[in-house]
Amino acid sequence: MKRWSLPVALAVCIFLKFILFDVIWSSDTTFQSFSQPESYLIKGTIALLLAFPTVFFRSRWYAGIVCFLLDILLVANLMYWRTYYTAIPWNSYFLAGNLADFMGSVYASVRWCDGLFFAMTLGLLFYTSRYGDLLSSRSETKRRAVWFAAGFLICVVATVGLTFARGGFQRSYEKRNTCATPTFTVFGTLCYEFVKESMSITPEIHSEIERWLSATSRSYPVSGVEHRKHCVVILAESFEGWMLERNVEGKEVTPYLNRWLKDSCTLYAPRVQTQVRGGRSIDAQLLVNTGLLPIANGAYSIRFPNHRYPSLAKALKQACGEKGRMVGMTSDKRIVWNQQGVAMAFGFDRLYDEKSFTKEERMGVKKRVGDYPFLQQCAEKIAEEIAGSGDSSRCFFQLVTYSGHGPFIIPDEYKRISFSPGMPEVLNNYLTAANYTDYAIGKFIERLQEEGLFDETMIVVTGDHEGLAYLRQSLCETKEGGGLVSPFEYTPFIVINSPVGMRYEKVMGQSILDPSHLGVAAIWNLTIAGDTTGICPEAIERMKQSWRISDLMIRGDYFRSDF
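Not measured: the values here are computed from a predicted model. (Residues numbered from 1 in each chain as written. Predicted model: local features only at pLDDT ≥ 70, side-chain atom pairs only at ≥ 80, totals over all residues. Heavy atoms only, no water.)

J.: Looking at this model, I keep getting lost on the overall build of the protein. Mind explaining?
T.: A tally of regular secondary structure across the protein gives 19 helices and eleven strands. Going through the 563 residues of the protein one by one, you find that 56% of them count as buried. Approximately 24400 Å² of the protein is accessible, and the part contributed by carbon and sulfur atoms is 57%. (Helix = DSSP H or I, 4+ residues; strand = E, 2+ residues; numbered from the N terminus. Buried < 20%, exposed > 50% of the residue type's maximum accessible area, 1.4 Å probe, protein only. Areas by Shrake-Rupley, 256 points an atom, 1.4 Å probe, with all protein chains shown as cover.)

J.: I tried to follow helix H9 (residues 203-214) on my own but got confused; where do I start?
T.: One turn of the α-helix equals 3.6 residues, which is why residues spaced by three or four share an orientation. If you check H9, its first and last C-alpha atoms are 16 Å apart, about what twelve residues at 1.5 Å a residue would give, namely 16 Å. When H9 is considered as a whole, its buried residues turn out to be Ile-205, His-206, Ile-209, Trp-212 and Leu-213. Looking down the long axis of H9, one finds its buried residues gathered within 130° of arc, a one-sided arrangement. For H9, exposure combined with an orientation more than 90 degrees from the buried face picks out Glu-204, Arg-211 and Ser-214. (Expected span 1.5 Å × (residues − 1). Arc of directions from axis to C-beta.)

J.: What is the right way to read unusual backbone geometry from this model?
T.: With the exception of glycine, the majority of residues adopt a negative phi angle, and the majority of peptide bonds are in the trans configuration. Of note in the backbone geometry, Thr-185 takes a positive phi value of approximately 70° without being a glycine. In this fold, Thr-185 is placed in helix H8 (residues 180-195). Here Thr-185 falls in the buried class, since its relative accessible area comes to 2%. Look at Glu-249: it is not a glycine, yet its phi comes out positive at around 55°. Tracing the backbone through its elements, the reader meets Glu-249 in the loop between strand E2 (247-248) and strand E3 (251-252). Residue classification places Glu-249 among the partly exposed positions, given a relative accessible area of 41%.

J.: Help me understand the pattern of salt bridges, please; the structure alone is not making it clear to me.
T.: Side-chain pairing between opposite charges can occur once the charged atoms of the two side chains come close. This model, assessed by the stated rule, comprises 23 salt bridges. Measuring nitrogen to oxygen at the nearest pair gives 3.3 Å for the salt bridge that ties Glu-446 to Lys-443. Taken together, the residues span about one helical turn, with Glu-446 and Lys-443 both in helix H16 (residues 425-450) at a distance of three residues. Residue Glu-446 is classed as partly exposed on the basis of its relative accessible area, which comes to 27%. Here the salt bridges share partners, and the residues they tie into one network are Glu-240, Arg-280, Glu-466 and Arg-472. (Salt bridge = Lys/Arg side-chain N within 4 Å of Asp/Glu carboxyl O.)

J.: Looking at this structure, how should I read the confidence of the model for the protein?
T.: For residues with low pLDDT, the predicted coordinates do not support detailed interpretation. For the protein, mean pLDDT is 84; residues scoring 70 or higher make up 87% of the total. Per-element averaging of pLDDT across the protein places helix H18 (residues 520-524) at the bottom with 35 and helix H10 (residues 255-261) at the top with 96. A low-confidence stretch, residues 512-537 stays under pLDDT 50, and its non-local contacts, those more than four residues away or across chains, total 90 contacts. (pLDDT = per-residue confidence, 0-100. Contact = heavy atoms within 4.5 Å.)

J.: So what exactly am I meant to see when it comes to the packing of helix H2 (residues 37-51) against helix H6 (residues 138-165) here?
T.: When two helices pack together, their arrangement is captured by the angle between the axes and the distance separating the axes. Running from amino to carboxyl end, H2 crosses H6 at an angle of 145°, the nearest separation of the two axes being 9 Å. Between H2 and H6 lies a crossing of left-handed hand. Taking contact as the criterion, the partners of Pro-37, Glu-38, Leu-41, Ile-42, Gly-44, Thr-45, Leu-48, Leu-49 and Ala-51 in H2 are, on H6, Phe-148, Gly-151, Phe-152, Cys-155, Val-156, Ala-158, Thr-159 and Leu-162. Partitioning the contact of H2 with H6 into residue classes produces twelve nonpolar, four polar and one charged. (Axes fitted to C-alpha atoms, helices over the stretch in contact; angles between N-to-C directions. Left-handed = near helix turned anticlockwise from the far one by under 90°. Nonpolar A, V, L, I, M, F, W, Y, C, P; charged D, E, K, R; others polar.)

J.: Please clarify how the pairing of strand E9 (residues 490-496) should be interpreted in this entry.
T.: Each regular strand carries side chains that alternate between the two faces of the sheet. In terms of burial, E9 is largely enclosed, as seven of its seven residues are buried. What you see with E9 is no split at all: Tyr-490, Pro-492, Ile-494 and Ile-496 on one side and Thr-491, Phe-493 and Val-495 on the other are buried throughout. Where strand E4 (residues 267-273) and E9 come together, five bridges link them in antiparallel fashion. Bridge assignment links Ala-269 to a residue of E9, and that residue is Phe-493. One ladder, built from four bridges, connects strand E8 (residues 457-463) with E9; its direction is antiparallel. If you follow Thr-462 over to E9, its bridge partner there is Phe-493. (Pairing = 2+ DSSP bridges.)

J.: What should I look at first to understand a nonpolar patch on the surface in this one?
T.: A contiguous nonpolar surface patch, about 660 Å² in accessible area, is contributed by Trp-61, Ile-65, Phe-68, Leu-69, Ile-72 and Phe-118. In terms of residue count, the dominant contributor to the nonpolar patch is helix H3 (residues 60-84) (five residues). Checked against the element boundaries, Ile-72 lands in helix H3. (Patch = residues over 30% accessible without salt bridge, like charges linked within 9 Å, V, L, I, M, F, W, Y side chains within 5 Å.)

J.: So what exactly am I meant to see when it comes to the packing of helix H11 (residues 281-290) against helix H14 (residues 339-346) here?
T.: Packing of H11 against H14 leaves a shortest axis separation of 12 Å and a crossing angle of 10°. Between H11 and H14, the angle is such that the two are roughly parallel. Here H11 contributes Ile-282, Gln-285, Leu-286, Asn-289 and Thr-290 to the contact with H14, which in turn contributes Gln-339, Val-342 and Phe-346. A breakdown of the residues in the contact of H11 with H14 according to their chemical character gives four nonpolar, four polar and no charged. (Parallel < 35°, antiparallel > 145°, perpendicular 65-115°, else oblique.)

J.: Can you help me understand the packing of aromatic side chains in this one?
T.: To describe a pair of aromatic rings, you give the distance between the ring centres and the angle between the ring planes. The tally for this structure, following the rule as stated, stands at 25 aromatic pairs. Between Tyr-372 and Tyr-439 the ring centres are 5.3 Å apart and the planes differ by 35°, which places this aromatic pair in the tilted class. In this pair, Tyr-372 sits in helix H15 (residues 371-389) while Tyr-439 sits in helix H16, placing the two residues 67 residues apart along the sequence. According to the relative accessible area criterion, Tyr-372 is partly exposed, its value standing at 24%. Overall, Tyr-439 belongs to the buried group, its relative accessible area being 13%. Here the aromatic rings of Phe-488 and Tyr-490 are separated by 5.3 Å at their centres, their planes lie at 20°, and the arrangement is stacked. An aromatic cluster is defined as three or more aromatic residues linked by ring pairs; in this entry it consists of Phe-169, Tyr-173, Phe-184 and Tyr-192. Cation over ring: Lys-251 sits above Phe-419, and NZ or CZ is 5.9 Å from the ring centre. When the ring centre of Phe-357 is taken as reference, the NZ or CZ atom of Lys-381 above it lies at 5.2 Å. (Phe/Tyr/Trp six-rings, centres within 6.5 Å; stacked < 30°, edge-to-face > 60°. Lys NZ or Arg CZ within 6 Å of the ring centre and 35° of its normal.)

J.: Before we go on, may I ask you to explain the environment of Met-120 in this structure?
T.: Tracing the sequence through the fold places Met-120 in helix H5 (residues 115-130). In the structure, Met-120 is positioned 104 residues away from Leu-16 in sequence and 8.7 Å away in space, judged by C-alpha atoms. Those residues within four positions of Met-120 in sequence are excluded, and the remaining contacts are Cys-13, Leu-16, Lys-17 and Leu-20.

The following block contains the structure:
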């Protein structure tokens, strides 16, 4: 049997790595990429290109390094996909230092099949060390170079032809949705992001946006509604709604919030569809503060922090002048997701970050302050901010919790609930973390009552995004999780001490938190520039268009445009 030379063995190994990547990625979505001819052509192009140097110098060191780096790239993107449902945005590669704060989540996203990539590399090195020819004649080298070059050109020409026949690269990529990365590989996704980088608003794009906006119904302040002077929004990390009003093994998971859900002055919507994308938590802040939908790829906070955004802060300042004050509080570093840049872009007056809080009940790899002491210290700062702003001030506070972050580990000494050993570990941890956050929120509200601030403050509690990600399906199939864990990615939307109490059972979007909706504007009697998807768009097609419109607005810096 004829043995493969090093160049051929390396090209085959690289090609198979991409196929393995596609199989793992597609197992959670669709195997549609395997029916696309360009998927194989692109993989062949990359494999031939990376293996081509070994035609001239037979170095196993080169082969090993290329394969090892490719393994890291592919495995890292699979780990990222399991949490964020997207490939790693190119600018996030420069934020690798932030991983130190989330190592628990990183370890939790590793799977046994990831080791197959490195096993293939070791197999290649073993094969070539025993059977691969490291020396060849000049004529043999020339012949292989011609074959490799010809194969490369055929793959390139065929790929370009198929892509243009389907409307060009950008259009072809966008049609693939979740199978775009398997079809065009990780490198194709990076190319797409460069193509979709910051752009200028052309007259045609401006007209498209204006037509879409003109067909959108606006919401206005409701007259005759009692006002609240202040508003606190708590973005609870990875907090889902199916745990509310539920007992598990005879134990109430969220007793504090459940009590408030029965209050006549509480507005509650249990089915808020997660609308975050690659930015996750920072996308939630975009939805809450601006009503805009996240960009198609990457995080707006990293790619476009200096663009102009409509926001609740700016609307509040416009309506209340110096009496309006906006304050953000997070137990994270201000550099994580560029939160400091976002706070400035949204018009916040101040951002308290991890250095502003005493680290008690430490949790996570970096030992961040737990939700209970964090919210207690937030209550102190809220009282100080309101006192310092004067009796006529109107303040907005955004609090971002941390303890619910995956893998949902609460130290034993801070656990307030326990479940039987038969409960799946991740479900046990998730319910325990939710119970801890519920306790922290309940005690925070009690603290505001003690400070005499509750009566004039509206408190909004919502999850920044869903929490179970790729674990959801497997948990729903377990005896303990079936009928308990929701198959849908819903977070709750709760307004405590709301001017209008109600229960809204229909599915709605996170962008509903924009102040131009649901009477929040009536609190301060203001409206906001911009637009949102609102509740239940009249047509599915319009809902799809809203993502494109918002993406164009952010990337093109629409709110700064001269039109």
